[in-house]
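Given next are the chains, with one letter for each unit.
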Amino acid sequence: MMQAMLVAAGGFFGAVFRFGIGQMVKKITESTFPIATLFVNLTGSFLLGWLTRAHADDSIRLFFGIGFMGAFTTFSTFKLENVHFYRKRQWKHLIAYLAVSYTGGLLAAFLGFMINFK
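Let me sum up the structure you'll find in this document. Keep in mind it's a predicted model, so treat the numbers as computed, not measured.

1. Focus on the side chain of N41
With respect to the helices and strands, the residue N41 is situated in helix α2 (residues 35–53). Its relative accessible area of 16% is what places N41 among the buried residues. Residues within four places of N41 in sequence aside, it is in contact with T73, T74 and F78.

2. Considerations on unusual backbone geometry
With phi around 50°, H55 is a residue other than glycine that occupies positive phi space. Its relative accessible area of 68% is what places H55 among the exposed residues. You will see that R89, though not glycine, has its phi angle at about 60°, which is positive. Counting through the fold element by element, R89 comes out in the loop between α4 (75–87) and α5 (91–114).

3. Quick notes on the pattern of salt bridges
A full pass over the atoms with the stated rule returns 1 salt bridge. The salt bridge involving D58 is made with R61; its shortest N-O contact spans 3.5 Å. Taken together, the positions of D58 and R61, both in helix α3 (residues 58–72) and 3 residues apart, correspond to about one turn of that helix. Taking relative accessible area as the criterion, R61 reaches 37% and is therefore assigned partly exposed.

The rules behind the values
Residues numbered from 1 in each chain as written. Predicted model: local features only at pLDDT ≥ 70, side-chain atom pairs only at ≥ 80, totals over all residues. Heavy atoms only, no water. Helix = DSSP H or I, 4+ residues; strand = E, 2+ residues; numbered from the N terminus. Buried < 20%, exposed > 50% of the residue type's maximum accessible area, 1.4 Å probe, protein only. Contact = heavy atoms within 4.5 Å. Salt bridge = Lys/Arg side-chain N within 4 Å of Asp/Glu carboxyl O.

Here it is as structure tokens:
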């Protein structure tokens, strides 16, 4: 039961942070490119790589790695935004978003993982 509570609490905070970043980005830019989703997904990839390398204990992994990052990052919104670009035939945006998200996500996770904790 405690494990589920840790995941739920982390999920709550991850969702709130994601919402806040989305609102902040809307105030800063009028771009039609999904900058907020890209930012949270790349940041989440980096932090999850970092957390993995840190060999965090189970409670930290459950709260932060599964709960917070699971709610903070967003696979479904990412896919929906790609479908939006496809339906509007915005090929350059679609290709750029896919390339930056996947390549950048892998690189961010790798960089997070490579940080030395000694």
